[in-house]
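# Coordinate analysis (summary)
One letter stands for each residue in the lines below.
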Amino acid sequence: MTVYRLGATAPDIDPTAFVHPDAIIIGAVTIGAHASIWPTAVLRADFGTITVGARSSIQDGTVLHTSHAWPTVIGADCVVGHNAHLEGAVIGDRCLVGSMSTCLQRVVVGESSLVGASALLTEGTHVPNFSRALGAPASIEPHRDADAFVSVLTAGVAEYLDNARRYRETMVVA
């Protein structure tokens, strides 16, 4: 993995986390237990902090950045889809942030919520617990079936935990 200290600030990566060798982790980044960071993800905490919660998965090509005023926080048991961009956003526990979505500064996504693929959450958007944010700019509505969403997300989190374990145990350069 490519991990950079920035001045005196080094990333804090739980030893049980999986960080793919092609991911880039810079500065004040904290990665929780059993979290996974996949190829070409960039977590650049050069102005503030980035926190990835336990068992959360940051998919390929995702960019997490921050600002002096607004940290980026991903809760526990989240899946952040491929090529997402989060900057100064707070994502609650058990959320799915869809591929190619954007969450800008001061965005807060409540627990057990969905940010749809390619959604745009403009600065200061608040998504309540058990809601969906869909479209660009995003419209927010309650889940139609919150229990079903949590069930599907829980299965997705388990799948990425298994995949990270498989990569840790079997991945080699060919």
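Look a little higher up for the structure.
Residues numbered from 1 in each chain as written. Predicted model: local features only at pLDDT ≥ 70, side-chain atom pairs only at ≥ 80, totals over all residues. Heavy atoms only, no water.

### Examining the overall build of the protein
Put simply, the rule reads: The way it works is that DSSP assigns letters per residue, a run of H or I at least four long becomes a helix, a run of E at least two long becomes a strand, and they are numbered from the N terminus. Per-residue accessibility, obtained with a 1.4 Å probe over protein chains only, is compared with the maximum for each type, and a residue is labelled buried under 20%, exposed over 50%, and partly exposed between these values. Residue contacts are defined here by distance: any two heavy atoms, one from each residue, within 4.5 Å place the two residues in contact. Accessibility throughout is a Shrake-Rupley quantity obtained with a 1.4 Å probe, and a residue counts as covered only by protein chains that appear here. Only four residue types enter the tally: Lys and Arg on the positive side, Asp and Glu on the negative side; His and the chain ends are excluded. One atom stands in for each charge, and that atom is NZ of Lys, CZ of Arg, CG of Asp or CD of Glu.
For the protein, the count of helices and strands is one helix and 20 strands. Expressed along its principal axes, the backbone C-alpha trace of the protein runs to roughly 45 × 35 × 25 Å. By residue count, 46% of the 174 residues in the protein fall in the buried class. When contacts within the protein are restricted to residue pairs at least 6 apart in sequence, those whose partners lie at least 24 apart make up 11%. With an accessible surface of roughly 8,100 Å², the protein has 56% of that area assigned to carbon and sulfur atoms. Separation between the mean location of the 10 positive side-chain charges and that of the 16 negative ones in the protein comes to 1 Å.

### What to know about the packing of aromatic side chains
Put simply, the test is: By convention, a stacked pair of Phe, Tyr or Trp rings (six-membered ring in the case of Trp) has centres within 6.5 Å and planes under 30 degrees apart, an edge-to-face pair has planes over 60 apart, and any other such pair is tilted.
If you walk through the whole model with that rule in mind, you get three aromatic pairs. Their ring planes at 85° and their centres at 4.9 Å tell us that W38 and Y167 sit as a pair that is edge-to-face. Taken together, the residues span a long stretch of sequence, with W38 in the loop between strand 5 (36–37) and strand 6 (42–52) and Y167 in helix 1 (residues 146–170) at a distance of 129 residues. Classification of W38 as buried rests on a relative accessible area of 3%. One aromatic cluster is present, formed by F18, W38 and Y167 through successive ring pairs.

### What to know about the pattern of salt bridges
When the charged atoms of two side chains lie near each other, side chains of opposite charge can form a pair. Convention followed: Counted as salt bridges are all cases of a side-chain nitrogen of Lys or Arg within 4 Å of a carboxyl oxygen of Asp or Glu.
Overall, the coordinates contain six salt bridges when judged by the stated rule. Measuring nitrogen to oxygen at the nearest pair gives 2.1 Å for the salt bridge that ties E141 to R132. Judged by its relative accessible area of 15%, R132 is buried. D162 is paired through a salt bridge with R165; the nearest N and O atoms lie 2.7 Å apart. Of this pair, D162 and R165 both sit in helix 1, three residues apart, which is roughly one turn of the helix. You can call D162 partly exposed: its relative accessible area is 45%. Looking at R165, the relative accessible area reads 43%, which means it is partly exposed.

### Some thoughts on helix 1
What counts here: For a helix, the expected span equals 1.5 Å multiplied by the number of residues minus one.
The end-to-end C-alpha separation of helix 1 is 36 Å, in line with the 36 Å expected for 25 residues at 1.5 Å each. Among the residues of helix 1, F149, L153, G156, V157, N163 and A164 are the ones counted as buried.

These figures capture arrangement, not role.
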